[in-house]
Amino acid sequence: MTILAATAVTAAYGPRLVLHECSFALASGEVVAIVGPNGAGKSTLLRVLAGLLRPTAGRVLLDGEDLAALSRSKVARRIAVVPQIFDTLFPFTVREVVALGRTARLGAFGRASPDDVAAVDRAIGELELEALAGRRIDRLSGGERQRAVLAMALAQETAVLLLDEPTVHLDPGHQLATLELLRELGQRRQLAVCAVLHDLNLASTFASRIVALADGRIVRDGTPLDVLDAELVRTVFGDGLEVVARDGHPGVLPRVPQAVRRL
């Protein structure tokens, strides 16, 4: 069982405070969605959990060890991160990009072992990228590139997977397929999965827990039914949305203006 826990974490960029005493834990087998309006601190919280941004107060513990005390290579063997934007200066092929996920595990002289090759092949297959494996990453669509970066993270074979808007460049079909894959992998591999999502309906459908942020603070943490009620949605996201029941999950829809209803 792996547990990644933030305790009273405060974080800032220079003099600007972004997170205020945020506490929550993520465990193996969970799929947790972080939601909130623009500027709430979602991506910053993910960076703190990944050890990419050191908190100004509080701690992040990975199985009881302070993340700040671990080397970057040790963190990379235990936590994989999928960023919103992945840029490379070199025209790597998809297979080469996915293989970058094995960097922290390479042996002497940086040579790939049979286990490394198998992990890359497995990740390419899981994201259905076989037909694109030889294509250059800079010649792919945004959605294809996003799937390649997700495959790179899966090839790391870590216990924790952190994703910043993993569906942002995907069409609706691939959004559903990607989140279903993440949920299935979380259960089968016992991964601790945490994703920043803007789409509240995707979060409601696929997450086992939702963490809602507003103004840099965690305002609620619980199941989709616990978090996405009418009061929270109105307070955090504004009056233009309503919550409806949908197959045992809360659905969030835009309110139809009165003028449109009369048409």
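Residues numbered from 1 in each chain as written. Predicted model: local features only at pLDDT ≥ 70, side-chain atom pairs only at ≥ 80, totals over all residues. Heavy atoms only, no water.

Whenever I open this one, the sheet that holds strand E2 (residues 16-27) confuses me. Can you help?
The four strands lie next to each other as E2-E1-E4-E5, forming an open sheet whose pairing is antiparallel. The open sheet terminates on both sides in strands that have one partner only, identified here as E2 and strand E5 (65-66). Sheet topology places strand E4 (residues 57-62) next to E5; two bridges connect them, and they run antiparallel. Residue pairing in the sheet places Leu61 in a bridge with Asp66 of E5. Sitting on the sheet, helix H1 (residues 42-49) is in contact with strand E1 (3-13), E2 and E4, with an inclination near 120° to E1. (Pairing = 2+ DSSP bridges. Helix = DSSP H or I, 4+ residues; strand = E, 2+ residues; numbered from the N terminus. Contact = heavy atoms within 4.5 Å. Axes fitted to C-alpha atoms, helices over the stretch in contact; angles between N-to-C directions.)

Even after reading the chapter, I still don't get the state of the cysteines, so can you show me in this structure?
A complete count under the given rule lists zero disulfides for this structure. Take Cys22: it sits in no disulfide, and the sulfur closest to it among the cysteines is that of Cys194, at 12 Å. Judged by relative accessible area, Cys22 falls into the buried class, the value being 1%. (Disulfide = S-S within 2.5 Å. Buried < 20%, exposed > 50% of the residue type's maximum accessible area, 1.4 Å probe, protein only.)

How should I be thinking about the environment of Glu30 in this particular structure?
Relative to the assigned elements, Glu30 resides in the loop between E2 and strand E3 (31-35). Separated by 175 residues in sequence, Glu30 and Thr205 place their C-alpha atoms 14 Å apart. Once residues within four sequence positions are removed from consideration, Glu30 is found in contact with Ala25, Leu191, Ala192, Val193, Ser208 and Arg209. Engagement of the side chain of Glu30 in a polar contact is seen with the backbone nitrogen of Ala27, the distance being 2.9 Å. (Polar contact = N/O pair within 3.5 Å; in protein donor to acceptor, adjacent residues only side chain to side chain.)

Help me understand unusual backbone geometry in this model?
Located in the positive-phi region is Glu21, a residue other than glycine, with phi close to 50°. As for its placement among the helices and strands, Glu21 is situated in strand E2. Taking the relative accessible area as the measure of exposure, Glu21 reaches 60% and is therefore exposed. Despite not being glycine, Glu165 shows a phi value in the positive range, around 55°. Within the secondary structure, Glu165 is located in the loop between strand E7 (160-164) and helix H6 (172-188).

What is the right way to read the sheet that holds strand E10 (residues 217-222) from this model?
Neighbouring strands of a sheet are bound in pairs by backbone hydrogen bonds; such pairs are parallel or else antiparallel. Strand order in the open sheet formed by six strands is E6-E7-E8-E3-E9-E10, with mixed pairing between adjacent strands. Only two strands of the sheet have a single neighbouring strand rather than two, namely strand E6 (79-82) and E10. Taken pair by pair, the neighbouring strands of this sheet meet at an average axis angle of 15°, ignoring direction.

Help me out: how do you make sense of the pattern of salt bridges in this one?
Under the definition given, this model contains 16 salt bridges. The shortest N-O distance in the salt bridge between Arg122 and Glu157 comes to 2.4 Å. A residue pair is termed long-range when its members are at least 10 positions apart, and Arg122 in helix H4 (residues 114-126) and Glu157 in the loop between helix H5 (142-155) and E7 qualify at 35 residues. Classification of Arg122 as partly exposed rests on a relative accessible area of 37%. By relative accessible area, Glu157 is classed as partly exposed at 32%. A salt bridge links Arg136 to Asp138; the nearest nitrogen and oxygen atoms lie 2.7 Å apart. Salt bridges sharing common partners tie together Asp63, Glu65, Lys74 and Arg78. (Salt bridge = Lys/Arg side-chain N within 4 Å of Asp/Glu carboxyl O.)

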